[in-house]
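A look at the structure
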Amino acid sequence: MKAVHYSPNPQRPELARAIRRLERDVLRMGALVEQSFRLSHQALFARNLTAAEELPRLDKKIDRFYRQIESDCTAIMTLQAPTAQDLRCLSAFMQLVRDLERIGDYAEDLAEIAIKIFPYAPHSSMPDIEAMSLHAQSMLATSLKALGDLDEAGGRRLKHLDDTVDDAYDRVYQTLAQQRDVPGVVEPIVLLALAIRCLERMADHATNIGQRVAYIVTGQRS
């Protein structure tokens, strides 16, 4: 079956404008999530606790966007009788902002980990974990660019990019799990295991965003 590519209905200019406003709000929310991810990275890898302290305030802004966008999508579905193509866009937005909200939550979790791990000396796995974080951040940026451009191919590319994060997760987890003769307490090992799990899930949510973009454009789920 041939894919039907999405474009707002020119016969319904008010509905088209409402959907475009929603898209801009989603991208604004995405920019806040990108900022929260960068701050969590600074907190964990540059040991910048000031950055960590900014995350709760930023997360409140992200949550407000999430609630507003969900409410606006519901209002359009209820009051403006959108077409089937518009409905798939609106439903994808509602799922997509949930992915963004979860990435923001994980960024806040990483900041809390950064605070708890601060008293300990940096672990030898930190460079690998930092590379994992940078790659996941790049995936988030790629997913948001795909959304802004309604780029189906860019959205689907995220699945392949996610393999790098999954491989890094497996490698670092094995290193942490098999470490013997740990001097002192094991808390930093546990915290790093939690950190790589957060990063792996953040990359998964970025991949989801890419898949939702492809669905908006084509109406086909992969």
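Just so you know, these numbers come straight off a predicted model, no measurement behind them.

**Things to note about the overall build of the chain**
Within the chain, the regular secondary structure consists of six helices and zero strands. In the chain, the order of α-helices and β-strands from amino to carboxyl end is α-α-α-α-α-α. Each principal axis of the C-alpha atoms in the chain carries an extent, and together these give about 70 × 40 × 20 Å. The 222 residues of the chain split such that 48% are buried. Taking as baseline every contact in the chain between residues at least 6 positions apart, the subset at least 24 positions apart corresponds to 85%. Carbon and sulfur atoms provide 52% of the accessible area of the chain, an area that totals close to 11,000 Å².

**Concerning the environment of alanine 206**
By secondary structure assignment, the location of alanine 206 is in helix α6 (residues 187-218). When the C-alpha positions of alanine 206 and lysine 159 are compared, they lie 9.2 Å apart, and in sequence the two are 47 residues distant. When residues no more than four places from it in sequence are discounted, the contact partners of alanine 206 are Ile103, Met139, Leu140, Ser143 and Leu158.

**What about the UniProt feature "domain: PhoU" (unreviewed entry) in the chain?**
If you check UniProt for "domain: PhoU" (unreviewed entry), the listed places come out as residues 26-113 and 130-213 in our numbering. Between the first and last C-alpha atoms of residues 26-113 the distance is 28 Å; the span itself is 92% helix and 0% strand. Overall, residues 130-213 shows 87% helix and 0% strand. The separation of its end C-alpha atoms is 28 Å.

**Some thoughts on the packing of aromatic side chains**
Scanning all chains against the criterion turns up one aromatic pair. Taking 6.0 Å as the distance between ring centres and 25° as the angle between the ring planes, the aromatic pair formed by tyrosine 169 and tyrosine 173 counts as stacked. Of the two residues, tyrosine 169 and tyrosine 173 both sit in helix α5 (residues 152-177), four residues apart, roughly one turn of that helix. Here tyrosine 173 falls in the partly exposed class, since its relative accessible area comes to 37%. Just above the ring of phenylalanine 118 sits the side chain of arginine 47; from NZ or CZ to the centre is 4.7 Å. Positioned above the aromatic ring of tyrosine 106 is the side chain of arginine 102, whose terminal nitrogen or guanidinium carbon lies 4.7 Å from the ring centre.

**Structural notes on the layout of surface pockets**
A volume near 260 Å³ is recorded for the largest pocket. Looking at the largest pocket, it is lined by 17 residues, and the ones nearest its centre are Tyr120, Ala121, Pro122, His123 and Pro188. Breaking the lining of the largest pocket down by element, the ones donating at least two residues are α1 (13-45) and α6. Partitioning the lining of the largest pocket into residue classes produces 13 nonpolar, three polar and one charged.

**Things to note about the pattern of salt bridges**
Counted by the stated rule, this structure contains ten salt bridges. Among the salt bridges present, the one from glutamate 54 reaches arginine 57, with a minimum N-O distance of 3.6 Å. A residue pair is termed a helical-turn pair when its members lie 3 or 4 positions apart in one helix, as glutamate 54 and arginine 57 do in helix α2 (residues 49-79) at three residues. Its relative accessible area of 42% is what places arginine 57 among the partly exposed residues.

**Topic: the nonpolar core**
Within the largest apolar cluster, 67 residues are counted, with the highest numbers of intra-cluster contacts made by Leu44, Phe93 and Leu100. Counting residues per element, the ones that place at least two in this core are α1, α2, α3 (84-117), α4 (126-149), α5 and α6. The dominant element in this core, judged by the number of residues it contributes, is α3, at 15 residues. Apart from residues lying up to four places away in sequence, leucine 44 is in contact with Leu110, Ile113, Ala114, Ile117, Met126 and Ala195.

**Regarding the packing of α5 against α6**
It is at 8 Å that the axes of α5 and α6 come closest, and there the two elements cross at 165°. One finds that α5 runs roughly antiparallel with respect to α6. At the point where α5 passes α6, the crossing takes the left-handed sense. Its residues assigned to classes, the contact of α5 with α6 shows 15 nonpolar, five polar and eight charged.

**Quick notes on the confidence of the model for the chain**
With 95% of its residues at a pLDDT of 70 or more, the chain has an overall mean of 92. At the level of individual helices and strands, the chain shows its lowest average pLDDT in α1, which scores 94, and its highest in α4, which scores 97.

About the criteria used
Residues numbered from 1 in each chain as written. Predicted model: local features only at pLDDT ≥ 70, side-chain atom pairs only at ≥ 80, totals over all residues. Heavy atoms only, no water. Helix = DSSP H or I, 4+ residues; strand = E, 2+ residues; numbered from the N terminus. Buried < 20%, exposed > 50% of the residue type's maximum accessible area, 1.4 Å probe, protein only. Contact = heavy atoms within 4.5 Å. Areas by Shrake-Rupley, 256 points an atom, 1.4 Å probe, with all protein chains shown as cover. UniProt positions renumbered as here; feature names shortened; annotations may be inferred. Phe/Tyr/Trp six-rings, centres within 6.5 Å; stacked < 30°, edge-to-face > 60°. Lys NZ or Arg CZ within 6 Å of the ring centre and 35° of its normal. 1 Å grid on protein atoms, 1.4 Å probe; cavity = no way out; pocket = protein on both sides within 12 Å on 5 of 7 lines; lining within 4 Å. Points joined across faces, edges and corners; volume = space filled by probe spheres on them. Nonpolar A, V, L, I, M, F, W, Y, C, P; charged D, E, K, R; others polar. Salt bridge = Lys/Arg side-chain N within 4 Å of Asp/Glu carboxyl O. Core = buried A, V, L, I, M, F, W, Y, C linked by side-chain atoms within 4.5 Å. Axes fitted to C-alpha atoms, helices over the stretch in contact; angles between N-to-C directions. Parallel < 35°, antiparallel > 145°, perpendicular 65-115°, else oblique. Left-handed = near helix turned anticlockwise from the far one by under 90°. pLDDT = per-residue confidence, 0-100.

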